[in-house]
Amino acid sequence: MRRSPKDTEESTRRITRRGLMLGGAQVAVMAVLAARMRKMQLEDADQYRLLAEGNSVKIRLIPPARGLIFDRNGVLLAGNEQNYRVTITREDTDDVEATLAELRRLIPITDADAADILHDIRRRPPTTPVTVADRLTWDEFSRVAVNGPSLPGVNPDVGLSRLYPRDDDFAHVIGYVGPVSDFDLSKMEDPDPLLLIPKFQLGKSGIEAKEEAVLRGEAGQRRVEVNSAGREMRELSREPGKPGENIQLTIDYRLQNYALQRLEEESAATVVIDVTNGDVLACASAPSFDPNLFVRGISVADYRRLTQDDHRPLADKTVQGLYPPGSTYKMVTALAALEAGLVTPEETVWCPGYVEIAGRRFHCWKRAGHGHVNMTKSLEQSCDVYYYELSQRVGIDKMSDMARRLGVGVKPDLPMSAVKEGVAPTKEWKQERYGKDWLIGDTANAAIGQGYVLASPMHLAIMAARIASGKKVEPRLIRARDGVEQPVHVSDDLGIEKSYLDSVRKGMTAVVNSARGTARGSRIEMKEWLMAGKTGTSQVRNITKAERARGVIRNDQLPWNRRDHALFVAFAPIDNPRYAVSVVVEHGSGGSTAAAPIARDVLLFALAGGLPPDDAYPSSARAKAKELNDSLDLVDPESVQKPQARSRA
Amino acid sequence: MSYLESNLKTVPTGWRKILYMNWPLVILLTAVACAGFLMLYSVAGGNLKTWAEPQMKRFALGMVAMFTVAFVPMWFWRNVSALAYFVALLLLIAVEFFGAIGMGAQRWLEIGPLRIQPSELMKITLVMLLAAYYDWLPVEKVSRPLWVFIPAAIILAPTFLVLAQPDLGTAVMLVLGGAFVMFAAGVSLWYFGTVLALVVALVFGVMESRGTEYQLLHDYQYKRIDTFLDPGSDPLGAGYNIMQAQIALGSGGWSGRGFMQGTQSRLNFLPEKHTDFIFTTLAEEFGFVGAFSLLMLYAGIIGFALYTAMATKDRFASLLSFGVAGTFFFFFAINMAMVMGLMPVVGVPLPLVSYGGTAMMILLAAFGLVQSAHIHRPRQR
């Protein structure tokens, strides 16, 4: 479209006029903006700066209360206590050193601690409060609070700290918490902001570590107004966090306490399982330690004492300790042979005290031999030759398959630290692990639970529970979460014929109750609580041909750490099994003397729900049992925090 | 202006066009964008990757768009303006149905990997169509009611669509940008006076009716007005943003706290610190000197755009340049007025500084139109 020159002229003139008007208006608006800038940034700047510095809103995290842990009766095992502490925030103080010096006049801080604190404060961002002192007494705490105005950047506050009221009893099962370390943080991809709070407590072992996610809870937030010294002036809003879940264990605090004390000074472990539902009622590893030491920050001396003890108090022997199960493994061999139809319970084997296999002589523990041995007698008197013979008929694959069905060589699904799988060896396993072929002699050794076979006390207890009940019992350690009962895993599909199990149980009954049984001294006298079991003594050293010729050195002449391990597995009552138990006493010499009495006493305590009546013990053992029971310092049920008295704090 | 212009006899062609661009404008735009990168780096706590780097990439892309648009002659843009407007309108309608929800409003369209905000596109296509309209309309008809009604409809159609998203900031920008072109085109001042009077009367009526039986707004809407008039009345609720923004801005003082030293933005007191409220961080860290310098850079951009608008004899090119300059002006004026507490908070970003892809690209492309007008202006033989 062509426009006339006049039209264009008129249009351009108009646009120029309007353009100038618009330009003018824009200049005016910009002048207003500039004037406003000038007023705010030049005239009123001081006032705004005061507002910015003197009246800031800060977000503070509220750490949630960690979930509590109870025993099966609702008795508190892990709780939280109030912890009075003092923090310094670098940003809010002009001179950290002067402030710290001032603070040291009010509360005791050693020179070494003061140096550490200064180092810590300099290393962290200026906005992070660093804990200077904690576990203050009320007096110290109030002294700091009163002197607040002269201590810029210093904040007294109250936090929660983990407390284990049952001291040593649950050190291994529950574990302990400790301050978050840089190493902990380096393992996490996107750490919870809570963990960045200095000295925030994180589960380090046991249930505390395994259930960290649910025990920790979720942080709340507070918006607070702080003045130029960083002191809170008022709270503006508060969003409470979510406390961690409470966990109820299947363990009975009294039985646990008794079991640990009954293990005395030994390096030993015992596990008690309820065969009807798999509940782990006791899971004790001796010696134990006080987890509260770790919460408060363990001293170097204490820590060295724990790590250098040859009885290894820090290790949880119930699930981490692996031992050759010795003769307690003979039920596995027997069941494998019965199931394969390669032996009948009545069939006898001749035991002359040794047997030649593949050109090597395998000895029975009894040099003179047992003569004709059937299955019951083989268990009762723990004849080794009988099992060497059975093993040659069955082969290692069927034996190890049976072991796994009974729980040995399978990792128990438990929320505990470093749970071990154990070993039920096969030809492939040896090839892979050692690069060597399986030998016939290996099968013979495995038959009596020596050689490559390894099991933890937990494995042995599971095995005993499965033999006792004929059911596939899976151990359960957590009974309820926040009051919600957890599922029981006990199913009927163990797949071993009842008659075979009966034959083995008959043998186990004879071990304890017949005249020539290896554990007769540890029987239970009361008819309704009769116990069945199996002893085990496993070598930790090789006996050379020369030594055998000279006569095997007796255990009491060997140094402690060369002596045999003593083992015992048992269940009771015989006709209606309720509890299964396993006991391992490291270097305890003999299963019948060192382990069986402990298993009997623990079972009795479980059956009686406390110390049993005297007539439960065989008459010969009564005096000794009484003396022992009197010497124990058992927990007084009146002294524990009762379920109804428990609080969420 | 340039020494070349004295010898200029014909419209340049080919690569020579690059010599005839409005170069001061290019430099000023780059300077403002660089200030933006600096601030985005700062509010991210010294992290380039968070916002600054993506923003730089978009700026580079936007510059390419600007040069491309600049090289295309004006007649082409006049011919496609109606088409562009209707495409943008269709996209706005599409947002209503398929749009993604973000920040409480439905603003984005996802097309493959692209994420576009049609309302940003509309700001420019609206100005283009209005410029083309007044180029076509004989000058004497400009103020007749029917011929005023048509552009009003062109402005209001997208405005209502944007209000429905809801995006008050963009709606205000569309009305003001459109009115700016109509004003430049010479529509009688009476129209503008009447509309202004009506708005004032409406505001007065709304405020006066409060508390009476025939109150015109909901209570919560009045509360928002209160908050604007006195942010201190509700320091933790709606007034929080404004209060904190003003504290940050005011505490900057003459020369500011220094780059990366702002306490308010660092402590997360500021909302939207990388988008609508980025000016407060700049003002806090660089003080009055920094804030005023930015205002002057913006003034320079407006000045050179207006120079192009007045220098060309082509009516379309002239009105279009006015429109772009006006839209740009409203962007920063509203944003600054908002964070300085001169206006209620409506979501308008600080142009070329706030983090945001579509706005940056569209603005640079729009300045490409101004450049095209500058290059292809009719010359006397």
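Residues numbered from 1 in each chain as written. Chains lettered and ligands numbered in written order. Predicted model: local features only at pLDDT ≥ 70, side-chain atom pairs only at ≥ 80, totals over all residues. Heavy atoms only, no water.

1. Description of the overall build of chain A
For the record, the criterion: In DSSP terms, a helix is any run of H or I states spanning at least four residues, a strand is any run of E spanning at least two, and both are numbered starting from the N terminus. Categorising residues by exposure relies on relative accessible area from a 1.4 Å probe, with only protein chains included: less than 20% of the type maximum marks a residue as buried, more than 50% marks it as exposed, and the intermediate range marks it as partly exposed. Pairs of residues are marked as contacts when any of their non-hydrogen atoms sit within 4.5 Å.
Helices and strands together make up the secondary structure of chain A, namely 22 helices and 23 strands. Projected onto its principal axes, the C-alpha coordinates of chain A cover approximately 130 × 80 × 50 Å. Classification of the 649 residues of chain A by burial places 53% in the buried group. Across chain A, every contact between residues at least 6 apart in sequence was considered, and the portion connecting residues at least 24 apart equals 73%.

2. Observations concerning the UniProt feature "transmembrane region" (unreviewed entry) in chain B
Residue and element names in this part refer to chain B. Using the following cut-off: UniProt positions are given in the numbering used here, feature names are shortened, and annotations may be inferred rather than shown by experiment.
Here the UniProt-annotated "transmembrane region" (unreviewed entry) positions come out as residues 20-44, 56-76, 82-101, 145-164, 171-204, 286-307, 319-346 and 352-370. A helix fraction of 84% and a strand fraction of 0% characterise residues 20-44, whose end C-alpha atoms lie 39 Å from each other. Overall, residues 171-204 shows 91% helix and 0% strand. The separation of its end C-alpha atoms is 21 Å.

3. Brief notes about the pairing of strand β4 (residues 129-133) of chain A
Residues and elements named next belong to chain A. What counts is decided by this rule: Should DSSP find at least two bridges between two strands, the strands are taken to pair.
Within β4, four of the five residues are buried, leaving the element largely enclosed by the surrounding structure. Bridge analysis of strand β3 (residues 76-89) against β4 gives four bridges, and the strand direction is antiparallel. Across the sheet, T87 pairs through a bridge with T131, a residue of β4.

4. Considerations on the interface of chain B and chain A
Note the cut-off: Joining two parts hides part of their accessible area as seen by a 1.4 Å probe, and the buried area is that hidden amount summed over both. Any pair of N or O atoms that falls within 3.5 Å is considered a polar contact. Within protein, one atom must be able to donate a hydrogen and the other to accept it, and sequence-neighbouring residues count only if both atoms are side-chain atoms.
Tallying the contact residues gives 53 residues for chain B and 39 residues for chain A. Each partner contributes to the roughly 4100 Å² buried at the junction of chain B and chain A, and carbon and sulfur atoms together form 69% of this total. Where chain B touches chain A, the interface holds six residue pairs in polar contact (both at pLDDT 80 or more). Mapped onto the side of chain B that touches chain A, the elements with two or more residues apiece are α5 (118-136), α7 (168-185), α8 (189-208), α10 (239-250), α12 (278-311) and α13 (315-339) of chain B.

5. A look at the domain arrangement of chain A
Residues and elements named next belong to chain A. Put simply, the rule is: By convention here, the domain bounds are inherited from an automatic or database domain assignment. We count a salt bridge whenever a side-chain nitrogen from Lys or Arg sits within 4 Å of a carboxyl oxygen from Asp or Glu.
Parsing chain A into structural domains produces domain 1 (62-249) and domain 2 (253-301 + 317-479 + 489-631). On a C-alpha basis, the centres of domain 1 and domain 2 stand 46 Å from each other. Listed per partner, the contact involves 31 residues of domain 1 and 23 residues of domain 2. Per-residue buried area on domain 1 facing domain 2 is highest for R72, D169 and H172; these three make up 25% of the total on that side. Taken together, the connections running from domain 1 to domain 2 amount to one salt bridge. The closest approach of N and O atoms between R72 and D279, which form a salt bridge, is 3.1 Å. Put simply, domain 1 and domain 2 have 10 residue pairs in polar contact (both at pLDDT 80 or more) between them. Elements that contribute at least two residues to the side of domain 1 that touches domain 2 include exactly β3, β5 (154-163), α7 (206-210) and β10 (247-249).

6. Some thoughts on the UniProt feature "transmembrane region" (unreviewed entry) in chain A
According to UniProt, the positions carrying the feature "transmembrane region" (unreviewed entry) are residues 20-37 of chain A. Helix makes up 100% of residues 20-37 of chain A and strand makes up 0%, while its end C-alpha atoms are separated by 25 Å.

7. A look at unusual backbone geometry
Peptide bonds are mostly trans, and most non-glycine residues show a negative phi. Residues and elements named next belong to chain A. At the junction of A286 and P287, the peptide bond is cis and its omega measures out at -5 degrees in the coordinates. The residue after A572, namely P573, is reached through a cis peptide bond having omega -15 degrees. Of note, P573 is situated in the loop between β22 (565-572) and β23 (579-585). Backbone geometry places R135, a non-glycine residue, at a positive phi of 55 degrees. Residue R135 is classed as partly exposed on the basis of its relative accessible area of 28%. Positive phi is not limited to glycine here, since S382 has a value of about 55 degrees. One can find S382 in the loop between α13 (375-380) and α14 (384-394). For S382, a relative accessible area of 4% corresponds to the buried category.

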